[in-house]
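One letter stands for each residue in the lines below.
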Amino acid sequence: MLQPTFLFTGVAAVNEMMDCQMANGHKYNIQSLTTCVVGGSSMRADLQRTVVNNLLQGRIPIKQGYGASEQGIIAVWPMDSGINTVRDGSVGRPAAGIKIRVSREK
């Protein structure tokens, strides 16, 4: 049986996965999962902590990516970042070659 090591999904799908695992007593083995990247929309910091602690059982962080569905990846956490280096609710630093500017809309 093929064991997943990498998951790239949206916030709604992660919620469904967590609900399914918890409702079924964590009977589905996801121990081989080494990376979880969520894109499409930002994940609230409190939800991110809940999913990491319950679904992922504190083993790996959720790494959020910004812009993955519209423009390609604009900001992301490095794949080698660990559970203690990913900030809750953050989409990470700008990807290579991306310049970000905050401006006031007139």
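To keep things clear, this report deals only with the structure shown in the data block. Please read all numbers here as calculations on a predicted model, not as lab measurements.

1. Observations regarding helix 2 (residues 45-54)
- Buried residues of helix 2: Leu47, Gln48, Val51 and Val52, and no others. Taken around the axis of helix 2, the buried residues stretch over an arc of 130°, which confines them to a single face.

2. Description of the packing of helix 1 (residues 11-23) against helix 2
- Interhelical geometry of helix 1 versus helix 2 gives an angle of 40° and a closest axis separation of 10 Å. Comparing their axes, helix 2 and helix 1 come out oblique. Of the two elements, helix 1 crosses helix 2, and the hand of that crossing is left-handed. Here helix 1 contributes Val11, Val14, Asn15, Met18 and Met22 to the contact with helix 2, which in turn contributes Leu47, Thr50, Val51 and Asn54.
- Considered class by class, the residues forming the contact of helix 1 with helix 2 number 6 nonpolar, 3 polar and no charged.

3. Quick look at the environment of Met43
- On the secondary structure map, Met43 appears in the loop between strand 2 (35-39) and helix 2.
- Taking the relative accessible area as the measure of exposure, Met43 reaches 2% and is therefore buried.
- Residues Met43 and Gly65, 22 residues apart in the sequence, show an inter-C-alpha distance of 10.0 Å.
- Among residues more than four places away in sequence, those in contact with Met43 are Val11, Val14, Val38, Gln48, Ile62, Gln64 and Gly89.

Criteria and thresholds
Residues numbered from 1 in each chain as written. Predicted model: local features only at pLDDT ≥ 70, side-chain atom pairs only at ≥ 80, totals over all residues. Heavy atoms only, no water. Buried < 20%, exposed > 50% of the residue type's maximum accessible area, 1.4 Å probe, protein only. Helix = DSSP H or I, 4+ residues; strand = E, 2+ residues; numbered from the N terminus. Arc of directions from axis to C-beta. Axes fitted to C-alpha atoms, helices over the stretch in contact; angles between N-to-C directions. Parallel < 35°, antiparallel > 145°, perpendicular 65-115°, else oblique. Left-handed = near helix turned anticlockwise from the far one by under 90°. Contact = heavy atoms within 4.5 Å. Nonpolar A, V, L, I, M, F, W, Y, C, P; charged D, E, K, R; others polar.

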